[in-house]
Amino acid sequence: MELDLRTVMRQFATGVGVVSTWAEEPDGADGRRHDAITVNSLTPVSYDPPLVALSLRHGSAFLADLLAARRWGVSILAAQGADTARLLARSRQARAEALAGLPAVPGRHTGALLLDGPGWIECALADSFTVGDHLMVIGTVLATGVRPPQDPLVFLHGSLTPATTP
Ligand SMILES: Cc1cc2nc3c(=O)[nH]c(=O)nc-3n(C[C@H](O)[C@H](O)[C@H](O)COP(=O)(O)O)c2cc1C
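This text gives an overview of the structure that appears in the document. (Residues numbered from 1 in each chain as written. Predicted model: local features only at pLDDT ≥ 70, side-chain atom pairs only at ≥ 80, totals over all residues. Heavy atoms only, no water.)

**Focus on the site of the ligand**
Phase 1: In the vicinity of the ligand there are 16 residues, among which Thr38, Ser41, Ser55, Phe62 and Arg95 approach most closely.
Phase 2: Asn40 is positioned with one of its backbone polar atoms (N or O) 3.1 Å from a nitrogen atom of the ligand.
Phase 3: A distance of 2.9 Å separates an oxygen atom of the ligand from a polar side-chain atom of Ser60.
Phase 4: Within the complex, 79% of the 630 Å² of free accessible area of the ligand lies under protein.
Phase 5: In terms of residue class, the shell around the ligand is built from 9 nonpolar, 5 polar and 2 charged. (Near = heavy atom within 4 Å. Polar contact = N/O pair within 3.5 Å; in protein donor to acceptor, adjacent residues only side chain to side chain. Areas by Shrake-Rupley, 256 points an atom, 1.4 Å probe, with all protein chains shown as cover. Nonpolar A, V, L, I, M, F, W, Y, C, P; charged D, E, K, R; others polar.)

The following block contains the structure:
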């Protein structure tokens, strides 16, 4: 069953985003150790109140940080963000090195890093549910931002594909 689901979902094009959070670290530059991962499970689930969902794998080190901070940021990636998406899908150590070299600013409401891209969201933990081997995390939207439209990055057929808009 799992193999069939993976195969059919390869036909479903999604956008790609980066979720960021932090853990307290007194020796860190701003008292925090930042981390960020690539996701394609971002879903808007309610507009009034504004809520978004993410599905994060149980056992993920990033997920443990997110649940402790109860705050996170989401940056939507544009077509030229494919390298960033690949880097931030690697090990925590590789992600830390990649993050240090990426333009990013801490969000005003969460302190989580927001990356370049056509839009961003800051969230606070509203709820979470175990759903099989993932945890569905629901976030209250604290703030949003949009920048000029850019061609999107799409995940389809197991590949990160720069797309063009008319
Ligand atoms: C295109 C793409 C989409 C991904 N989407 C998700 C996702 O929605 N949820 C998730 O838990 N991991 C997702 N991943 C994997 C994470 O980026 C990351 O590798 C993993 O969560 C890191 O786990 P760790 O915190 O244990 O190191 C995705 C990876 C790629 C390349």
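**A closer look at the sheet that holds strand 1 (residues 14-15)**
Phase 1: Ordered by their spatial adjacency, 3 strands build an open sheet running 1-11-12, and the pairing between neighbours is antiparallel. Looking at the sheet topology across the chains shown, the edges are occupied by strand 1 and strand 12 (159-162).
Phase 2: In this sheet, strand 11 (residues 153-156) lies alongside strand 1 in antiparallel orientation, the contact comprising 2 bridges. Bridged to Thr14 within strand 11 is Phe155. (Pairing = 2+ DSSP bridges. Helix = DSSP H or I, 4+ residues; strand = E, 2+ residues; numbered from the N terminus.)

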